[in-house]
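These are the residues of each chain, in order.
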Amino acid sequence: QVQLVESGGGLVQPGGSLRLSCAASGIIFSSRYMGWFRQAPGKEREFVAKITTGGGTNYADSVKGRFTISRDNAKNTVYLQMNSLKPEDTAVYYCNTYPYRDAYWGQGTQVTVSS
């Protein structure tokens, strides 16, 4: 069974940084595109970033230049480095394959950007 476990969230001041991790099991990780998504209170879940099997990346316009997605196939882990955080980045962050599968959603990790 597929498990995606996110970690690394927390409370950070505007302008700060966080690094999220997502450990995957139950899939052939190296053969899958992976993505990060987020859901803010009262809003629908949205795409944040994706990384291909070859390391190519794409980002939502709202995070381009501030966030960096990466992967370590040896550790079956995908990362999201978040810099210059803004209050509007506050959300629960999830990883999933890309495109996502509903059955793969985990519990996510809360990121709160506030002074």
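The coordinates are above.
This is a predicted model, so every value here is computed, not measured.

A. Representation of the nonpolar core. Within the largest apolar cluster, 28 residues are counted, with the highest numbers of intra-cluster contacts made by W36, V78, L80, M82 and Y93. Broken down by secondary-structure element, the contributors of at least two residues to this core are β3 (18-25), β4 (34-39), β5 (46-51), β7 (67-72), β8 (77-82), β9 (91-97) and β10 (109-113).

B. Structural context of the packing of aromatic side chains. In the structure shown here, the tally under the stated rule is 7 aromatic pairs. Each ring, one from F37 and one from W105, has its centre 5.3 Å from the other, and the planes form 85 degrees; the classification is edge-to-face. One end of the pair, F37, is in strand β4; the other, W105, is in the loop between β9 and β10, and 68 residues separate them in sequence. The burial state of F37 is the same as that of W105; both residues are buried. For the pair Y100 and W105, a centre-to-centre distance of 5.2 Å together with 40 degrees between the ring planes defines the contact as tilted.

C. Spotlight on the pattern of salt bridges. Using the criterion set out here, one finds 4 salt bridges in the structure. Where R38 meets E46, a salt bridge forms, and the shortest distance between an N and an O atom there is 2.7 Å. Accessibility expressed as a relative area gives 37% for E46, which makes it partly exposed. One salt bridge connects K64 with D61, and the closest N-O pair in it is separated by 3.0 Å. Residues participating in the shared-partner salt-bridge network are R38, E46, R66 and D89.

D. Broad picture of the sheet that holds β3. Spatial strand order, β1-β3-β8-β7: 4 strands in an open sheet with antiparallel pairing. In this open sheet, the two strands that pair with only one neighbour each are β1 (3-7) and β7. With strand direction ignored, the average angle separating the axes of adjacent strands in the sheet is 15 degrees.

Quick notes on the rules
Residues numbered from 1 in each chain as written. Predicted model: local features only at pLDDT ≥ 70, side-chain atom pairs only at ≥ 80, totals over all residues. Heavy atoms only, no water. Core = buried A, V, L, I, M, F, W, Y, C linked by side-chain atoms within 4.5 Å. Buried < 20%, exposed > 50% of the residue type's maximum accessible area, 1.4 Å probe, protein only. Helix = DSSP H or I, 4+ residues; strand = E, 2+ residues; numbered from the N terminus. Phe/Tyr/Trp six-rings, centres within 6.5 Å; stacked < 30°, edge-to-face > 60°. Salt bridge = Lys/Arg side-chain N within 4 Å of Asp/Glu carboxyl O. Pairing = 2+ DSSP bridges. Axes fitted to C-alpha atoms, helices over the stretch in contact; angles between N-to-C directions.

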